[in-house]
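# Descriptive analysis of the structure
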Amino acid sequence: MPLIDVYEWQHSGACVGLDSSVFFSPEAERGAAKQLREQGAKAVCGRCPVLDQCRDHALSAREPYGVWGGLTVDEREHLIRERRVS
């Protein structure tokens, strides 16, 4: 399948046109600032028409940074570990 077909869903994301800093933390971000940014990113994801495709991509590609499909890195890693155990 051509790559354009595999990633076409990204053009319909609620995140299109938003600054990437909404979804990806600065290097030294910690604590309340990080939680607040992640909550904002998840709010965008919550109204996204391609949430499932984004989440599936992030889990299968093992995206190492940012909020994808409404999940943080830690949440994605937790899901991947759970799937291995099941």
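To keep things clear, this report deals only with the structure shown in the data block. (Residues numbered from 1 in each chain as written. Predicted model: local features only at pLDDT ≥ 70, side-chain atom pairs only at ≥ 80, totals over all residues. Heavy atoms only, no water.)

## Remarks on the environment of serine 25
Rules: Strands are runs of DSSP state E lasting at least 2 residues, helices are runs of H or I lasting at least 4, and numbering of each runs from the N terminus. Under the scheme applied here, a residue whose accessible area is under 20% of the maximum for its type counts as buried, over 50% as exposed, and between as partly exposed, the area being computed with a 1.4 Å probe on protein chains only.
Following the sequence through the fold, serine 25 ends up in the loop between helix H1 (3–7) and helix H2 (31–46). Residue serine 25 is classed as partly exposed on the basis of its relative accessible area, which comes to 36%. Between the C-alpha atoms of serine 25 and glycine 69, which are 44 residues apart in sequence, the distance is 16 Å.

## Overview of the packing of aromatic side chains
The line we're drawing: Here a Phe, Tyr or Trp ring, Trp counted by its six-membered ring, pairs with any other such ring whose centre lies within 6.5 Å, and the pair is stacked when the planes are under 30 degrees apart, edge-to-face when over 60, and tilted otherwise.
Taken as a whole and judged by the stated rule, the model has one aromatic pair. Seen in terms of ring centroids, phenylalanine 24 and tryptophan 68 are 6.4 Å apart; in terms of plane orientation they differ by 80°. Their pairing is edge-to-face. With a gap of 44 residues between them, phenylalanine 24 in the loop between H1 and H2 and tryptophan 68 in the loop between helix H3 (51–61) and helix H4 (73–85) connect regions that are remote in the sequence. On the accessibility criterion, phenylalanine 24 (33% relative accessible area) is partly exposed. Looking at tryptophan 68, the relative accessible area reads 16%, which means it is buried.

## Quick word on the pattern of salt bridges
Using the following cut-off: Just to be clear on terms, a salt bridge is a Lys or Arg side-chain nitrogen sitting within 4 Å of an Asp or Glu carboxyl oxygen.
Tallying each qualifying case throughout the model produces three salt bridges. The residue glutamate 38 makes a salt bridge to arginine 37 at a minimum N-O spacing of 4.0 Å. Residue glutamate 38 is classed as buried on the basis of its relative accessible area, which comes to 17%. The partner of glutamate 75 in a salt bridge is lysine 42, and the shortest N-O contact between them spans 2.6 Å. Placement of the pair is glutamate 75 in helix H4 and lysine 42 in helix H2, with a sequence separation of 33 residues. Relative accessible area serves as the criterion here: at 29%, glutamate 75 is assigned to the partly exposed category.

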